[in-house]
Amino acid sequence: MAKLTQDELLAQFEDLTLIELAAFVKAFEEKFDVTAAAPVAVAGIAGPGVAAEAVEEQDEFDVILDGPGDKKIQVIKEVRTLTSLGLKEAKDLVDTAGAKVLEKVAKDVAEKAKAALEGAGAKVTVK
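In short, a report on the structure. Small disclaimer: the values here were computed from a predicted structure and weren't measured. (Residues numbered from 1 in each chain as written. Predicted model: local features only at pLDDT ≥ 70, side-chain atom pairs only at ≥ 80, totals over all residues. Heavy atoms only, no water.)

**Examining the overall build of the protein**
The condition that has to hold: Runs of E in the DSSP output that reach at least two residues are strands. Runs of H or I that reach at least four are helices, and both are numbered from the N terminus. Working definition: with a 1.4 Å probe on protein chains only, accessible area under 20% of the residue-type maximum means buried, over 50% means exposed, and in between means partly exposed. The contact rule is simple, with two residues in contact once any of their heavy atoms fall within 4.5 Å. Note on areas: Shrake-Rupley with a 1.4 Å probe; residue coverage comes only from the protein chains shown.
A tally of regular secondary structure across the protein gives 5 helices and 3 strands. Across the 127 residues in the protein, those meeting the buried criterion constitute 18%. Long-range pairs, those at least 24 residues apart, make up 65% of the contacts in the protein with a sequence separation of at least 6. Of the roughly 10200 Å² of accessible surface on the protein, 57% is carried by carbon and sulfur atoms.

**Observations regarding the nonpolar core**
Stated precisely, the cut-off is as follows: To define a nonpolar core, start from buried Ala, Val, Leu, Ile, Met, Phe, Trp, Tyr and Cys residues and group those joined through side-chain atoms within 4.5 Å.
Membership of the largest hydrophobic core comes to 19 residues, with the highest contact counts inside it found for V63, L65, V75, V79, V101 and L117. Listing elements by their share of this core, those giving two or more residues are β1 (61-67), α3 (72-82), α4 (87-95), β2 (99-105) and α5 (107-119). When residues in this core are grouped by element, the largest group, 4 residues, is from β2. For V63, the residues in contact, after removing those within four places along its chain, are A99, K100, V101, L102, A110, A113, L117, V124 and T125.

**Focus: the packing of α3 against α5**
Going by this rule: Axes here refer to lines fitted to C-alpha atoms; in helices the fit is confined to the stretch in contact. Angles between the N-to-C directions go from 0 to 180 degrees. Each angle gets one of four labels, with under 35 degrees taken as roughly parallel, over 145 as roughly antiparallel, 65 to 115 as roughly perpendicular, and the rest as oblique. The handedness criterion is simple: a crossing whose near helix is rotated anticlockwise from the far helix by less than a right angle is left-handed, and one whose near helix is rotated clockwise is right-handed. Charged residues are taken to be Asp, Glu, Lys and Arg, nonpolar residues to be Ala, Val, Leu, Ile, Met, Phe, Trp, Tyr, Cys and Pro, and polar residues to be all remaining types, Gly included.
Closest axis-to-axis distance for the α3/α5 pair is 8 Å, and the angle between their directions is 155°. Viewed along their axes, α3 and α5 adopt a mutual orientation that is roughly antiparallel. Viewed along their axes, α3 and α5 form a crossing whose handedness is right-handed. On α5, the residues that touch V75, E78, V79 and L82 of α3 are A113, A116 and L117. Taken together, the residues that form the contact of α3 with α5 break down as 6 nonpolar, no polar and 1 charged.

**Focus on the pairing of β1**
Note the following rule: A pair of strands is considered paired only if DSSP assigns at least 2 bridges between the two.
Along β1, 6 of the 7 residues are buried, which leaves the element largely enclosed by surrounding structure. Relative to strand β3 (residues 123-126), β1 runs antiparallel, the two sharing 4 bridges. Pairing of V63 across the sheet is with V126, part of β3.

**Side note on the packing of α3 against α4**
Packing of α3 against α4 brings their axes to within 9 Å, and their N-to-C directions diverge by 120°. With respect to α4, the axis of α3 lies oblique. The two elements α3 and α4 cross, and the hand of that crossing is right-handed. Seen from α3, the contacting residues are K72, V75, I76, V79 and R80; seen from α4, they are L87, A90, K91, L93, V94 and D95. Residue composition of the contact of α3 with α4, by class: 7 nonpolar, no polar and 4 charged.

**Remarks on a nonpolar patch on the surface**
Threshold: Patch building starts from residues that exceed 30% relative accessible area and form no salt bridge, then joins like charges within 9 Å and nonpolar side chains (Val, Leu, Ile, Met, Phe, Trp, Tyr) within 5 Å. Think of a salt bridge as a Lys or Arg side-chain nitrogen and an Asp or Glu carboxyl oxygen that are within 4 Å of each other.
Judged by side-chain polarity, L16, F24, V25, F28, F32 and V34 come together as a nonpolar surface patch covering roughly 490 Å² of accessible area. Inspection of the secondary structure assignment puts F24 in helix α2 (residues 18-32).

**Examining α5**
Our working definition: Take the residue count of a helix, subtract one, and multiply by 1.5 Å to get its expected span.
Its 13 residues give α5 an end-to-end C-alpha distance of 18 Å, which sits within 8% of 18 Å, the value for a rise of 1.5 Å per residue. Residues of α5 that are buried make contact with β1, α3, β2 and β3. One or two positions beyond α5, positive phi appears at G121, with a value near 105°.

In structure tokens form, the structure reads like this:
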């Protein structure tokens, strides 16, 4: 069998479908006991006085009501919809500046709650 150059190999791979290419990669990994996963960068040694901190992606968010705006009644209704609070508790929460409407929720839930509250006229922060 003649040895193929890199350009010849690439020309052969151009004709493959994605499914065929994925099957080839899997067979290659099994044959040579390797993985095609991207390498993970390793943090280097920090200089003196420099602390290496791992940056974590936040996965829990708090929805904080900064103010009810002009339409307080609509905001109270939205708070009741988003939570299981009664009318009095929802009103008290809306009257409290900086109150947490939702705590430790997923990003998509927090964004939907923010949009709903802002749609009712409230000022909202997601942290």
